[in-house]
Amino acid sequence: MAVDQLELGAALNAIVEPELGLPLGEIGFLREVTSRRRRVRIEVALPVAAWPGSDELADEIHRVARAVPGVEEIEFDLTVMNDGERAALRITLRTTMLGAAAGAEPAEDAHGGHGGHGHAHGDDDAAAAFLLPDSTTRVIGVSSGKGGVGKSTVTVNLAIALAQAGHSVGRLDADVYGFSVPKMLGTDHDPIILGDVVIPTSAHGVKCLSMGYFVPDDQPVIWRGPMLHKAIQQFLTDAYWGEPDFVLVDMPPGTGDVALTLAQVMPKAEIIVVTTPQPAAQRVAQRSAFAARRLKLSVRGVVENMSWFTGDDGTRYELFGAGGGLTLAADLGVPLLGQVPLVNAVRQGGDEGRPVVAFEPASETARAFTDIAGKLASLGPARVYRKELTLR
């Protein structure tokens, strides 16, 4: 029986590319699909040679093709897109990822480029699709009043726990001065740049962007407020996030420029506050929560980190005191989402890019993050927007 060319093409076009979350038929990856009797030829063009997950994609294409009746032999080639194909992909992604300012793209010039951008970098009228009021994406800002309480550790492990629960998750490192996520998450590749579109890197099911991918690890970022604002805005409007279930934002300590920017560009953000048990940290974290409320952001819960250390004899030692998280939650009128114990594996995981939730999922600490993720998901969004209720 000869292969049905239409059936083969439809099956391959429907495969969802894992990095972009879009069907192959929409993003131009399938350059050639032909058949001759029982033999098929499939040529796939990737945006760049080092495209992440290319081996897994090739395996899925083989699996789907072999399931088509009549297919006995497969000739498969992986190649790289030409400039025109990359330009077409960029337009597709740009149209998909921008909501409020999505409009017509300018015509391509003779070199496959564009005479101008349909959306300038950091365009104030542009909005990432997941930030629009009717989007189902929940934006969770992880905040603290001071450094050193493990906010980034909580954000990384909470993001992975949500991904393990089956949610699609993005993670934005908005701590522009103190970026640490690339090392902590253990990503093995940098974001991919396609013209003016940035494709976030991914690890453990979490998409991620951080200033750490764009400057050397030992180089300080010395910027004033307007530059910070522009950088955060570009992370949102020039990056292809898709429309994930959750975007976790690692916020910088304190209540300065970045917090103001995030409140402006992410008005639907929900805030969880990280503190340690001692009263001094609890009071500083409380100021962070009050600042969020003044900026009209919903505070949803408290996470207490470094709550206790469990000795070899099973005894819990409360090295930083006790009760700070519960007191803060009561003062704010929000739930205490969980307490995370202090263990050396968390510190090692952060230094070595081996997050404890991913590499020691049965540990006490990983279970704590999993429970917190479950409680956060069960809360539901703070605000529900509906198109039909929009005033015009």
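Everything numeric in this text was worked out from a predicted model, so none of it was measured.

(A) Broad picture of the overall build of the protein. Helix and strand counts for the protein come out as 13 helices and 17 strands. The burial tally for the protein puts 51% of its 392 residues in the buried class. Counted over contacts in the protein with a minimum sequence separation of 6, partners at least 24 positions apart contribute 75%. Accessible surface computed for the protein: about 18000 Å², of which carbon and sulfur atoms make up 52%.

(B) Structural detail: the confidence of the model for the protein. For the protein, per-residue confidence averages 82 on the pLDDT scale, and residues scoring 70 or more make up 84% of the total. Note on residues 388-392: pLDDT is under 50 here. Beyond four places in sequence and across chains, it has zero contacts.

(C) The nonpolar core, seen in detail. By size, the foremost hydrophobic cluster in this structure holds 36 residues, and its most contacted members are Phe 130, Leu 236, Val 249, Met 266 and Val 299. Elements supplying a minimum of two residues to this core: helix H7 (225-237), strand S12 (246-250), helix H8 (257-265), strand S13 (270-275), helix H9 (279-294), strand S14 (298-305) and helix H10 (324-332). If sequence neighbours within four positions are ignored, Met 266 has contacts with Leu 131, Val 139, Leu 236, Val 249 and Leu 297. Grouped together as the second largest cluster of nonpolar side chains are 34 residues, Val 142, Val 169, Met 184 and Tyr 213 included.

(D) Focus on the packing of aromatic side chains. On inspection of all chains with the given rule, the structure shows one aromatic pair. Centroid distance Phe 29 to Trp 51: 5.8 Å. Interplanar angle 75°. Geometry classified as edge-to-face. Of this pair, Phe 29 sits in the loop between helix H2 (24-27) and strand S3 (30-36) while Trp 51 is found in the loop between strand S4 (39-46) and helix H3 (54-66), placing the two residues 22 residues apart along the sequence. Judged by its relative accessible area of 0%, Phe 29 is buried.

(E) Quick peek at the sheet that holds strand S11 (residues 206-210). If you trace the eight strands from one edge of the open sheet to the other, you get S10-S11-S7-S12-S6-S13-S14-S17, paired in mixed fashion. With partners counted over all chains shown, the strands left at the sheet margins are strand S10 (201-203) and strand S17 (336-340), one partner each. Direction aside, the axes of adjacent strands within the sheet are offset by 25° on average. Strand direction decides the pairing type here: S13 and S14, joined by six bridges, are parallel. By the bridge assignment for S14, Thr 275 is matched with Glu 304. Helix H5 (residues 151-164) rests against strand S6 (138-143), strand S7 (169-173), S11, S12, S13 and S14 of the sheet, and its axis sits at about 170° to S12. Each of S6, S12, S13, S14 and S17 touches helix H13 (residues 364-379); the most contacted strand, S17, lies at about 170° to it.

(F) Structural view of the packing of H5 against H13. In contact at an axis separation of 9 Å, H5 and H13 are set at 70° when each is read in the N-to-C sense. By the angle between their directions, the pair H5 and H13 is classed as roughly perpendicular. For the pair H5 and H13, the contacting residues are Thr 153, Val 154, Asn 157, Leu 158, Ala 161 and Leu 162 in the first and Phe 369, Thr 370, Ile 372, Ala 373 and Leu 376 in the second. For the contact of H5 with H13, the per-class residue count stands at eight nonpolar, three polar and no charged.

About the thresholds
- Chains are numbered independently. Their residues run from 1 in the order of the written sequence.
- Side-chain atom pairs in this predicted model are given and counted only at pLDDT of 80 or more, local residue features only at pLDDT of at least 70, and totals for whole chains, interfaces and linings cover all residues.
- Excluding hydrogens and water, the side-chain values take into account all heavy atoms of the structure.
- By definition, any uninterrupted DSSP run of H or I lasting at least four residues is a helix, any uninterrupted run of E lasting at least two residues is a strand, and each is numbered from the N terminus.
- Only protein chains enter the accessibility calculation, which uses a 1.4 Å probe; a residue is then buried when its area is under 20% of its type maximum, exposed when over 50%, and partly exposed in between.
- Two residues form a contact once any of their heavy atoms are found within 4.5 Å.
- We get accessible surface area from the Shrake-Rupley algorithm with a probe of 1.4 Å; when it comes to residues, only the shown protein chains can shield them.
- pLDDT gives the predictor's per-residue confidence on a scale running from 0 to 100.
- In this text, buried Ala, Val, Leu, Ile, Met, Phe, Trp, Tyr and Cys residues form a nonpolar core when linked through side-chain atoms within 4.5 Å.
- Pairing of aromatic side chains here covers Phe, Tyr and the six-membered ring of Trp, requires ring centres within 6.5 Å, and sorts the geometry by plane angle: under 30 degrees stacked, over 60 edge-to-face, intermediate tilted.
- Any two strands are treated as partners once DSSP identifies two or more bridges connecting them.
- Here the axes come from fitting lines to C-alpha atoms, over the contacting stretch only for helices, and the angles between their N-to-C directions go from 0 to 180 degrees.
- By definition in this entry, angles of less than 35 degrees are roughly parallel, angles greater than 145 are roughly antiparallel, angles of 65 to 115 are roughly perpendicular, and the rest are oblique.
- Residues are grouped as follows: Ala, Val, Leu, Ile, Met, Phe, Trp, Tyr, Cys and Pro are nonpolar; Asp, Glu, Lys and Arg are charged; all remaining types, including Gly, are polar.

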